[in-house]
Amino acid sequence: MRSKYTPLTDEQALAALDRCVRQVRCNLPLYTNRCQNHTSVDGIYPACDNVQWTCGFWPGEIWLAYERTGEERLREAGLTLVDSFYDRIVRKVEVDHHDMGFLYSPSCVAAWRLTGSERAKEAALLAADQLLTRFQPNGEFLQAWGPMGAAENRRFIIDCLLNIPLLYWAGRETGNPKYADIAGRHAKTCLAHSFRPDGSTYHTFFMNADGAPSHGETCQGYRDDSFWARGQAWGVYGSILSFRYTRDPAYLTTFRKALGFYLTRLPDDRVPYWDMIFSDGSGEPRDSSAAAVVACGLLEARRWLSEREAARCESLAREMLGSLAQGYAVPEIVPGTGLLLHGTYSKKSPYNTCTPEGVDECTGWGDYFYLEALTRLTRDWYPYW
Ligand code: GLY
């Protein structure tokens with residue numbers, strides 16, 4: 001971590017991207033026939049079965065590396081993982097939750113786009129159908145976790161804004177309006193309740209059985225009324241993606257407010273602490289993955305804003321990515337390590353309900369979104385989301 005950094009130039013972005021590609025190549029033998037654990041342990045990812053909500057990020061890195069290089073071995077590895085994702089959704093292994101987009105957009109939607117694999121397309125469509133089964137008509141939201149129906153499970157979470165692009169994709173592929181309809185209803189509910197009036201966000205939000213809003217609660221943030229950094233990042237990127245697919249100006253307004261709040265809570269080096277209630281001197285760990293997610297949102301936003309606003313978004317993204325590349329990127333290519341240090345998955349606090357894991361480590365999504373942001377900065381890129 002360095003408090004002095006310079007905004008990333010195009011040349012530096014290409015160099016950082018190529019460095020990431022070298023690390024992806026180095027990791028291929030470890031995680032082509034197995035998946036990569038959600039977070040590293042002492043800087044190295046254990047291999048795991050395809051059972052976690054995070055398993056899509058590693059294949060997403062492979063596809064981004066393939067887009068950069070066109071190398072056949074990357075294509076083959078990505079397609080081997082498609083077989084695993086196909087098997088997972090057909091056999092319904094650990095898919096009773098809402099994270100179908102995190103799983104199937106960077107793995108199978110990407111594979112379908114880049115190779116035309118029918119198996120990848122079928123897997124992603126099955127995953128979209130699975131996500132539809134999470135819809136609660138009373139309250140109009142996609143239930144995040146747990147079996148449907150029980151009162152303690154009647155909640156949605158801000159992260160889901162990154163799952164619903166899978167539904168927009170399925171709608172375009174099939175011509176069936178039901179996918180975009182459910183995505184839009186969920187996003188509207190999320191906009192109404194997950195975002196507080198000051199632009200900060202609740203991680204999770206409960207609804208009553210009659211569909212009336214109940215209350216916000218954190219799971220992975222510090223406290224119910226604090227500002228979990230990654231949740232804020234999902235809100236920033238998710239709102240601009242919702243604008244991309246609906247062109248509803250309400251999402252642009254939300255993007256601006258969520259970004260505005262995020263910027264007011266950043267430390268000097270533009271990489272947030274894991275909860276933005278903390279600042280310099282707190283001794284708390286960062287969450288570098290949140291910075292990578294926000295950089296993607298800023299680079300997506302360039303397409304939808306005025307020239308002046310777009311230029312500001314790009315310059316903010318260059319600052320964040322400069323700080324990541326110069327102070328957080330893994331310094332040495334070693335088998336099994338990731339791309340970005342200092343991510344935080346779930347840190348236990350006296351007030352939250354998470355299982356502590358992956359504190360101050362590489363995270364699969366931090367690596368993926370860092371690579372996506374570098375890709376977005378260096379070429380015109382069509383999102384997997
Ligand atoms: N989607 C869960 C997380 O961001 O940790």
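This write-up is about the structure you can find in this document. Just so we're clear, the structure is a prediction, and the values are computed from it rather than from any experiment. Sequence order as written defines residue numbering, which begins from 1 separately in each chain. Predicted model: local features are reported for residues with pLDDT of at least 70 only, side-chain atom pairs are reported and counted for 80 or more only, and whole-chain, interface and lining totals are derived from all residues. Here the side-chain values reflect all heavy atoms present in the structure, with hydrogen atoms and water set aside.

A few words on the site of the ligand. In the vicinity of the ligand, the residues found are W53, D159, Q220, W228, R230, W234 and Y345. Within the side chain of R230, one N or O atom sits 2.5 Å away from an oxygen atom of the ligand. W234 places a polar side-chain atom, nitrogen or oxygen, 3.0 Å from an oxygen atom of the ligand. Throughout, the Shrake-Rupley method with a 1.4 Å probe supplies accessible areas, and for residues the shown protein chains are the sole cover considered. Here the ligand has 200 Å² of accessible area as a free molecule, and 96% of this is covered by the chains. Here a residue is near a molecule or strand as soon as one of its heavy atoms is found within 4 Å of it. Identification of polar contacts relies on pairs of N or O atoms within 3.5 Å, with a donor-acceptor requirement for protein atoms, meaning one able to donate a hydrogen and the other able to accept it, and with residues adjacent in sequence counted only if both atoms are side-chain atoms.

Glancing now at the pattern of salt bridges. For side chains of opposite charge, pairing can occur when their charged atoms come near one another. Whenever a carboxyl oxygen of Asp or Glu lies within 4 Å of a side-chain nitrogen of Lys or Arg, that contact is scored as a salt bridge. Summed over all chains, the structure comprises 25 salt bridges. Between R379 and E67 there is a salt bridge, with its nearest N and O atoms 3.7 Å apart. Within this pair, whereas R379 is found in the segment after α12 (364-378), its partner E67 is found in helix α2 (residues 57-69), the two being separated by 312 residues in sequence. Across the pair E372 and R376 runs a salt bridge whose closest N-O atoms are separated by 2.9 Å. One end of the pair is E372 and the other is R376, both in helix α12 and four residues apart, which spans about a single turn. The same class applies to E372 as to R376, namely buried. Through salt bridges with shared partners, one network takes in D10, R302, E314 and R318. Comment: elements are numbered from the N terminus, with helices defined as DSSP H or I runs of at least four residues and strands as E runs of at least two. Residue burial is assigned from relative accessible area. The probe radius is 1.4 Å, only protein chains are included, and a residue is buried under 20% of its type maximum, exposed over 50%, and partly exposed in between.

In this text, buried Ala, Val, Leu, Ile, Met, Phe, Trp, Tyr and Cys residues form a nonpolar core when linked through side-chain atoms within 4.5 Å. Core analysis: the biggest nonpolar cluster contains 130 residues, and Y104, L167, F369 and Y370 have the highest contact counts within it. The element contributing the most residues to this core is helix α10 (residues 288-301), with ten residues. Contact definition: two residues touch when any of their heavy atoms are within 4.5 Å. Setting aside chain neighbours within four positions, we find Y370 in contact with A16, C20, A292, L321, L324, A325, A329, L339 and L340.

A separate point is the packing of α2 against helix α4 (residues 100-115). A fitted line through C-alpha atoms serves as each axis, taken over the contacting stretch for helices, and the angle formed by two N-to-C directions is quoted from 0 to 180°. One way to put it is that α2 packs onto α4 with a least axis distance of 7 Å and a crossing angle of 30°. On the basis of the axis angle, α2 is roughly parallel to α4. The handedness of the crossing between α2 and α4 is left-handed. Here α2 contributes F57, P59, G60, W63, Y66 and E67 to the contact with α4, which in turn contributes F102, P106, S107, A110, A111, L114 and T115. Considered class by class, the residues forming the contact of α2 with α4 number nine nonpolar, three polar and one charged. Each angle gets one of four labels, with under 35 degrees taken as roughly parallel, over 145 as roughly antiparallel, 65 to 115 as roughly perpendicular, and the rest as oblique. Here a crossing is called left-handed whenever its near helix is offset anticlockwise from the far helix by less than a right angle, and right-handed whenever the offset is clockwise. Polarity classes work like this: nonpolar for Ala, Val, Leu, Ile, Met, Phe, Trp, Tyr, Cys and Pro, charged for Asp, Glu, Lys and Arg, and polar for all others, with Gly in that last group.

None of the figures reported here should be taken as evidence of function without further support.
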